[in-house]
Amino acid sequence: MAPIQPMEVEGPWSEMAPINRQDAFQVPKPQSVFGGIQQNALRPFKQRWGMLVLGGGAILLTAIVLLFLTLGSRQGPAEAQGGKTISAPPPPVAPSFSCEDAAAGEPWDWATPTAYNLTLKLEAGHFDGGVDAPNHPRFNASASIAWRVRRRTRCLVVQARGLSVRSVALRRGGGARRVLCADAVACRATLRELRPRSDDTWRTDLVAVDLGADVLDPGEGAAPALTFEYTGVMGAGAGLHRSQAFAAECVAPGTSDRAPCARALVATQLAATHARSVFPCVDVPRFRAVYNVAVEVPGEVGLTVLSNSPILRVGMGTTPGSLRHSFHPTPPMPTYLLAVAAGNLVAVKPGLPLPKAVEALQVQAWVVPGREGLAAFSADVAVKSLAFYTAWTGIEQPLTKVDFVAIPGKQGAMENWGLLLFDERRFLHSQATGGSFGAWRAADVVCHEVAHQWFGNLVTGTNWTQLAFNEGLASFLEYHCLTAVGAPGEVLRYRAPLPQARLPGVHEGPTLRALCTDASPFRPAMVAASDAAVGTGGVEVYSKAATFLRMLEVALGGETLQIGLQALLHERALGSANFGDILVAAAAAQGTIISTDPLAGGLPETGTAWATQPLLPLRNASAVAAVGQLPDRAGPFCATAQLPAAGLGAEEAARQALCLPAAGAAWTLPAGTGGVADQSAWAGSVNATGLFRTLHSAAQLEALAAWATQVGACPGADCALDEGRALTLSSALHDSAALTLAGLLPVESLLDFVDAMLRMPAAQRTGPGRYLLLVPGLETLVALSAGANADCPGAMAAYAATVIEPGAISALAGVASRVSDTGPPLSHDATLGALSATQLAAALIALDIDPAATGAALCPALNRTALMASTAAGATASAAAPFISPDVEGAVYAALGAALPGCGAAAPGAAGLPAALRRCYLLAADDSAAERCLLALPSVRGLQAGQWAWALGAGAAQGVAEFEGKGLEVATRARARLAAA
Ligand SMILES: [Zn+2]
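All figures in this text were calculated on a predicted structure; none of them were measured in a lab. Throughout, a residue's number is its position along its own chain's written sequence, starting from 1. Per-residue local features are limited, in this predicted model, to residues with pLDDT of at least 70; the limit for side-chain atom pairs, both in listing and counting, is 80 or more; totals at the level of whole chains, interfaces and linings are taken over all residues. Heavy atoms from the whole structure form the basis of all side-chain values; hydrogens and water molecules are not counted.

Caption draft 1: Molecular detail of the sheet that holds strand β3 (residues 155-159). Only strands that DSSP links by at least two bridges are regarded as paired with each other. The helix count covers DSSP runs of H or I at least four residues long, the strand count covers runs of E at least two residues long, and both are numbered beginning at the N terminus. Read across the open sheet, the three strands follow the order β3-β7-β6; overall the sheet is antiparallel. Two strands lie at the open edges of the sheet, namely β3 and β6 (191-194), each paired on one side alone. Sheet twist, expressed as the average angle between the axes of neighbouring strands with direction ignored, equals 30°. In terms of strand pairing, β3 meets strand β7 (residues 206-210) through five bridges, oriented antiparallel. Bridging across to β7, L156 finds its partner in V209. An axis is simply a line fitted to the C-alpha atoms; with a helix, the fit covers only the stretch in contact. Between two such axes, the angle follows the N-to-C directions and lies from 0 to 180 degrees.

Given below as structure tokens:
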């Protein structure tokens, strides 16, 4: 509750809206953004480093903290230390910092922005959704930047990309403006592009502004301000950009006649490094500033304009007939969180009364006209999730409103502070057709982005190499949120991968996703030469980091991690942190004293491996007779992280089975994650909370199968399977499959284990059982049948004939009988049934089991999945052109179902799916979106070329095949061919 000094915004500054320093940002225990953050937080530990205490999760924590501290200082001393100069001391003789020095120096040690006045001028054409409207129109804007000067300088350095600057002016001491340049030619001399230092890979697009005769000194009465007038270009889904077109009603000029028209929204996506394409700025997450945003729009069209903060006033714009929407100042925040959304938007108020924790907030959802009814579910989840995180963190947001906007055609979602922007296909939900699956998807994305309001926005990862701080925490906590908001199936989705671990989004199912696919360390690598691609780290920074945090939570027990994170948020509010700081905070909450001196007692390598090693550690249980004899340290890390895909070349398969060198291989089993579920001679990852693989001997797997049979015994028709046990078994199944494919476990042992899983009544009769055991069991067989292991084909043929086919067909009958292909609402169990049935179909076809025999039994489930998929977000589907979100994996299965004899013709949702899939592929906004459409396809990779052609159109079949073999550039060519066809 202490008043804070958000930023040093010195006034008066006539163009700037007043900033209420005392009241706007009530965040406890604030830190100055600049300087000393790291040192202050670590000082108590440093003073006591000699008192190293180890116990419980402490060894793991200690090691990882040491690691991160070491890495932090290695990868960028100035970054890691809150801007303190290490790398480039000021030149000893120069009287002031000059633009010549800027090329080699550390310019933001001399001066950094404290506030931005940004005016964007939008024109009528920007909102035109007609086919002739340009996708990348230009826009005019102005930006005034107030600077805090720390050292005498005559050069200010910003980042800018693709901006055509018309004029630059400097104002000092509240006095008159001095024009530094007044036309494009002159400004090219005033603005100097700087080549980034070769060792500085995330500071690109640098522009030095030569102040000429003006020399700025620290402590000037008013902040010097630099004003740019410029023109920018709207981007493709990034920067300032236009949405997909949507249908609306427009009023003809000069009349009151309404007529149908096509419209587009204008919105921002500034993460990771696109702010610089909208306004000149210092585009580095650890630098916070206050933003005073104004947006001018044509007055006659009655557009809604939203930004991070509430509207302050609407007045006349600078061009005739335009209206200027001015917004209250934002909290101090990084550039990437700034947001604007403008256009034909309709508000949807939550149906729920605001809980006490968030009653001071105005919460609204916004959609384009006609889709209001589809936003009600997510609007309520928004309220509940804000209340959940407020209670969980013990910190109220420094905001007075939070808007959630569903943008047509947006790729992904963005957590902009106070203005969260979503892909409408994911945010909108129809309870009638989406079922619990659709509800889960919508709730999950809201829970994830709301988590960022604290983890990412209130406290920000220091730079883009610390994305795991933002994304690991949000991906971990979103599941606690899902539980709190009552979303269906959260526990299951927490840990269960979709078929063949081909999860479409980065958020879903961290634990088993990490086990299946995460082959890299979760510390993003620096991106050489350009930072345009930073922040696009792979799934590792989401799922692997989230799973690591889950493992840590279990190891620490109780609420220790929560208490640690609360302390961290209080300490660093309106500041930044590294992933290692989470571990320091958790250790402090546990009462463990962590040494932060890398030299103290040497650097134990245990535990550090998760963060720095690719792949997963291997725990060899097969060599010991009893679990009690298992060492708590083991190695090495093995590249058995991924089930090899069918058709994988021998060389690639061998590469995936390689183990890393012994160096760095030692690791410590976290307490509570690798114990013994029931006292048997085997050791699993309990509740699938361990981020490691366990290798069992054949005898141990036999004991595990016997245990499974015992716990799975359920005499009733509706037997329940304890989810924890199902997860433990599922984890063992995934491990054993991966290790078999790596040649470390006999195929016969795995087949016996799979057989036991498939025969468990619970695996066939309950949703979780099917999802966690039956489907993974069959998928394991699909992977084996691909022949990655030389022993497989013979064993598989016999096994398929005697076990799989009869068992699977009877299982299908049980699955299908519980699924209705029409009629809302869909129960969670039926949703899981439909999804797992479609997955079964994919597996059975891949295993060459007669589709005719299975198709009829599967039809109802397939049809249901088709319906869910084609309307998963409920929003924009129509019978003629069902819209397929690239991340709706069900669509692929539905297309598969439609391919089954006697099923497709009757499927209400499946008829248009082949065309829709093709459309998804063709219309993808960029290559990565197109790739996602294609990446959903391996689930049906067993299809023959003719069936591919049936599903995607003749031109696509070849393209898909090439894509799988050769990579994305082939997909790009295939798209071009398809488009031409
Ligand atoms: Zn995120």
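Caption draft 2: Seen up close, the nonpolar core. Here, the term nonpolar core denotes a set of buried Ala, Val, Leu, Ile, Met, Phe, Trp, Tyr and Cys residues that are joined through side-chain atoms within 4.5 Å. Here's how the labels work: a residue is buried when its accessible area is under 20% of the maximum for its type, exposed when over 50%, partly exposed in between, all with a 1.4 Å probe on protein chains only. Counting 141 residues, the largest nonpolar core has V168, L226, F228, F279 and F404 as its most contacted members. Both domain 1 (99-343) and domain 2 (346-524 + 535-590) contribute no fewer than three residues apiece to this core. In this structure F404 touches V363, Q364, A365, W366, A382, L386, L420, F422, F427, V446 and V450, once residues within four positions along its chain are discounted. The next biggest cluster of nonpolar side chains, apart from the first, holds 32 residues, and it includes L739, M757, L772 and L774. An automatic or database domain assignment supplies the residue ranges for each domain. By the convention used here, residues are in contact when the closest approach between their heavy atoms is within 4.5 Å.

Caption draft 3: Structural view of the pairing of strand β14 (residues 304-307). Side chains T304 and L306 of β14 all project onto a buried face; the interleaved residues V305 and S307 project onto the opposite face, where all are buried too. In terms of strand pairing, β14 meets strand β17 (residues 340-343) through four bridges, oriented antiparallel. Considered in β17, the bridge of T304 is made with G343.

Caption draft 4: Molecular detail of the coordination of the zinc ion. For Na, K and Ca the donor cutoff is 3.2 Å, while for all other metals N, O and S atoms count as donors only within 2.8 Å; water does not appear among the atoms, so some sites may look incomplete. The coordination sphere of the zinc ion, as far as protein atoms go, consists of H448 (NE2), H452 (NE2), E471 (OE) and E471 (OE), spread over 2.0 to 2.7 Å. For a four-donor site, all angles between 85 and 135 degrees give tetrahedral; for four or six donors, opposite pairs above 155 degrees with the remaining angles between 65 and 115 give square planar or octahedral; all remaining cases count as irregular. Each of the four donor atoms bound to the zinc ion contributes to angles spanning 53 to 153°, and the resulting shape is irregular. When the donor residues of the zinc ion are listed from N- to C-terminus, their spacing reads H-x3-H-x18-E. Taken as a pair, H448 in helix α8 (residues 431-452) and E471 in helix α9 (residues 467-485) lie far apart in primary sequence, 23 residues in all. Across this residue pair, the class does not change: H448 and E471 are buried.

Caption draft 5: The arrangement of the pattern of salt bridges in detail. By salt bridge we mean one thing: a side-chain nitrogen of Lys or Arg within 4 Å of a carboxyl oxygen of Asp or Glu. Overall, the coordinates contain 17 salt bridges when judged by the stated rule. Here E249 makes a salt bridge to R258, at a shortest N to O gap of 3.1 Å. Since its relative accessible area comes to 54%, R258 is described here as exposed. Because the salt bridges share partners, they merge into one network encompassing R161, D205, R276 and D283.

Caption draft 6: Main features of the packing of aromatic side chains. Any two rings among Phe, Tyr and Trp, with Trp reduced to its six-membered ring, count as a pair given centres within 6.5 Å; such a pair is stacked if its planes are under 30 degrees apart, edge-to-face if over 60, and tilted if neither. By the definition in use, this model includes nine aromatic pairs. Where Y116 meets Y291, the ring centres are 5.0 Å apart and the plane angle is 0°; that geometry is what we call stacked. Here Y116 is found in strand β1 (residues 111-121), whereas its partner Y291 is found in strand β13 (residues 290-298), with 175 residues between them in sequence. In this structure, Y116 and Y291 share a single accessibility class: buried. An angle of 80° between the planes, with centres 6.3 Å apart, marks the rings of F279 and Y291 as edge-to-face. Residue F279 is located in the loop between β12 (266-269) and β13, and its partner Y291 is located in strand β13; the two are separated by twelve residues in the primary sequence. Taking the relative accessible area as the measure of exposure, F279 reaches 0% and is therefore buried. Owing to a relative accessible area of 1%, Y291 belongs among the buried residues under this scheme. An aromatic cluster of at least three residues, connected via ring pairs, comprises Y116, F279 and Y291. For a Lys NZ or an Arg CZ to count as sitting over a ring, it must be within 6 Å of the ring centre and within 35 degrees of the ring normal. Cation over ring: R151 sits above W110, and NZ or CZ is 5.0 Å from the ring centre.

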